[in-house]
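The primary structure of each chain is shown beneath.
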Amino acid sequence: QGWPSGHRAPACPRPEEAVRVVDRPEGALAPRSGSVIQRLKKRAEFKAVGRGARTERSGFVLQALCEAAGDNPPRFGFTVTKRTGNSVERNRIRRRLKAAVSERLSGARQGCSYVLVGRRSALTRPYPELLSDLEVAFERVHNAVDRRPQRRRARDT
């Protein structure tokens with residue numbers, strides 16, 4: 001219930017020592033390499049990317065939607081369904097995919113949004129093979145995006 005008589009509560013740290021402010025954009029994840037991965041968070045964003053190009057690899061499915069080229073950094077979303085396994089397995093798959101993306105971030109394009117749908121084999125797949133799969137997936141999905149005709153806006157009449 002309180003401090004015994006004659007004792008004082010431990011000193012609180014100064015506010016500037018107690019809170020460390022990290023200058024990071026909203027919804028960003030900082031990988032070990034120091035660069036920042038922008039995240040997709042809303043269901044509508046995931047669904048929009050699902051309408052774009054996709055490629056399948058043994059450990060994951062990569063979906064991509066590239067908008068007009070610009071200064072926007074690539075954005076990533078990660079999803080693993082309950083069919084894949086229990087929460088421990090799903091989280092391990094998600095962590096492995098996030099680590100692979102942070103290492104191969106240079107393969108992503110500016111202005112594109114990506115969703116990685118994890119598969120169970122991502123748990124047992126050797127990490128170097130997962131990295132090479134991600135590089136191949138980036139190439140394939142970018143080729144598919146480049147081949148797709150640009151949508152034209154309906155004219156106002």
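Look up a bit, the structure's there.
Everything in this summary refers to the structure shown in the same document.

**Re the nonpolar core**
Ranked by size, the top nonpolar core spans 26 residues in total, and within it Phe 60, Leu 62, Phe 76, Val 101, Tyr 114 and Leu 116 carry the most contacts. Elements with a contribution of two residues or more to this core: β4 (60–66), β5 (75–79), α3 (87–103), β6 (112–118) and α4 (127–147). Here the element with the most residues in this core is α4; it accounts for eight residues. Other than its neighbours up to four places away in sequence, Phe 60 contacts Thr 55, Leu 97, Leu 116, Val 117, Gly 118, Arg 119, Leu 130, Asp 133, Leu 134 and Ala 137.

**Remarks on the packing of aromatic side chains**
Counted by the stated rule, this structure contains four aromatic pairs. When the ring of Phe 76 is compared with that of Tyr 114, the centres are 5.1 Å apart and the planes differ by 20°; the resulting orientation is stacked. Here Tyr 114 lies in strand β6 and Phe 76 lies in strand β5, a separation of 38 residues in the sequence. Classification of Tyr 114 by relative accessible area gives buried; the value is 0%. Taking 6.4 Å as the distance between ring centres and 70° as the angle between the ring planes, the aromatic pair formed by Phe 76 and Phe 138 counts as edge-to-face. Of the two residues, Phe 76 is situated in strand β5 and Phe 138 in helix α4; the sequence distance between them amounts to 62 residues. Note on Phe 76: relative accessible area 0%, which makes it buried. Using a relative accessible area of 2% as the deciding quantity, one classes Phe 138 as buried. Among the aromatic residues, those joined into a cluster by ring pairs are Phe 76, Phe 78, Tyr 114 and Phe 138.

Cut-offs and rules
Numbering of residues starts from 1 in every chain and runs along the sequence as written. Confidence filtering applies because this is a predicted model: local features only for residues at pLDDT of at least 70, side-chain atom pairs given and counted only at 80 or more, and all residues used for totals across whole chains, interfaces and linings. In computing side-chain values, all of the structure's heavy atoms are included and hydrogens and water are not. In this text, buried Ala, Val, Leu, Ile, Met, Phe, Trp, Tyr and Cys residues form a nonpolar core when linked through side-chain atoms within 4.5 Å. Per-residue accessibility, obtained with a 1.4 Å probe over protein chains only, is compared with the maximum for each type, and a residue is labelled buried under 20%, exposed over 50%, and partly exposed between these values. Helix numbering and strand numbering both begin at the N terminus, where a helix is a DSSP run of H or I of at least 4 residues and a strand a DSSP run of E of at least 2. What makes two residues a contact is simply this: any of their non-hydrogen atoms within 4.5 Å. Only rings of Phe, Tyr and Trp enter the pairing, Trp through its six-membered ring, and a pair is recorded when the two centres are within 6.5 Å. The plane angle decides the type: under 30 degrees is stacked, over 60 is edge-to-face, the rest tilted.

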